[in-house]
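Tertiary structure, described
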Amino acid sequence: MTYDQQILKVLTEAGDGGVSVQAIAKHIYNMNCTFFTQPDFEEIRTYAQQFLLRNSKSTQSLIESTGRRGYYRLNTEGSADARQMMLQFREEREEEKEEEKPHQDLSLDLFA
């Protein structure tokens, strides 16, 4: 998954309240941190900031500023693509919840 896709996923999870560039960068960093490799946090933060600025310029863009400095969200009112992403994300979440079944304890009772 590329940084662009990860940024959009974080924005989708954040909802209408939006999320700061710093928080997005932390999420992306944690998504890409492994036992053997650690990406440069400043590089990720700079990339996320440039991506968000570049994609929030027009009214039809997928991303918009919330009005607070450094906070962004998906443009669900002006972009059909953003609305579609939100619906897909909700469907994925619902499917994950349906798949989770209660764990039944099948172990033997030693003190019966």
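The paragraphs below set out a description of the structure included in this document. It should be emphasised that the depicted structure is a prediction, and the values quoted were computed from it without experimental measurement.

It is at 11 Å that the axes of helix 1 (residues 3-14) and helix 3 (residues 41-54) come closest, and there the two elements cross at 75°. Put simply, helix 1 runs roughly perpendicular to helix 3. Of the residues in helix 3, those touching helix 1 at Tyr-3, Asp-4, Ile-7 and Leu-11 are Ile-44, Tyr-47, Ala-48, Phe-51 and Leu-52. Looking at side-chain class alone, the contact of helix 1 with helix 3 contains eight nonpolar, no polar and one charged residues.

This brings us to the packing of helix 2 (residues 21-32) against helix 3. Orientation of helix 2 relative to helix 3, taken along the N-to-C sense of each, is 125°, at an axis distance of 9 Å. Our classification of the angle between helix 2 and helix 3 gives oblique. The hand of the helix 2/helix 3 crossing is right-handed. Counting all contacts with helix 2, which are made through Val-21, Gln-22, Ile-24, Ala-25, Lys-26, Ile-28 and Tyr-29, the residues of helix 3 involved are Phe-41, Ile-44, Arg-45, Ala-48, Gln-49 and Leu-52. Of the residues assigned to the contact of helix 2 with helix 3, the class counts are nine nonpolar, two polar and two charged.

For helix 2, built from twelve residues, the straight-helix expectation of 16 Å at 1.5 Å per residue is met to within 8% by its first-to-last C-alpha distance of 17 Å. Within helix 2, the full set of buried residues consists of Val-21, Ile-24, Ala-25 and Ile-28. The buried side chains of helix 2 occupy one side of the element, clustering within an arc of 100° when seen end-on. Its buried side turned inward, helix 2 meets helix 1, strand 1 (19-20), helix 3 and strand 3 (71-74).

Criteria and thresholds
- Residues numbered from 1 in each chain as written.
- Predicted model: local features only at pLDDT ≥ 70, side-chain atom pairs only at ≥ 80, totals over all residues.
- Heavy atoms only, no water.
- Axes fitted to C-alpha atoms, helices over the stretch in contact; angles between N-to-C directions.
- Helix = DSSP H or I, 4+ residues; strand = E, 2+ residues; numbered from the N terminus.
- Parallel < 35°, antiparallel > 145°, perpendicular 65-115°, else oblique.
- Contact = heavy atoms within 4.5 Å.
- Nonpolar A, V, L, I, M, F, W, Y, C, P; charged D, E, K, R; others polar.
- Left-handed = near helix turned anticlockwise from the far one by under 90°.
- Expected span 1.5 Å × (residues − 1).
- Buried < 20%, exposed > 50% of the residue type's maximum accessible area, 1.4 Å probe, protein only.
- Arc of directions from axis to C-beta.

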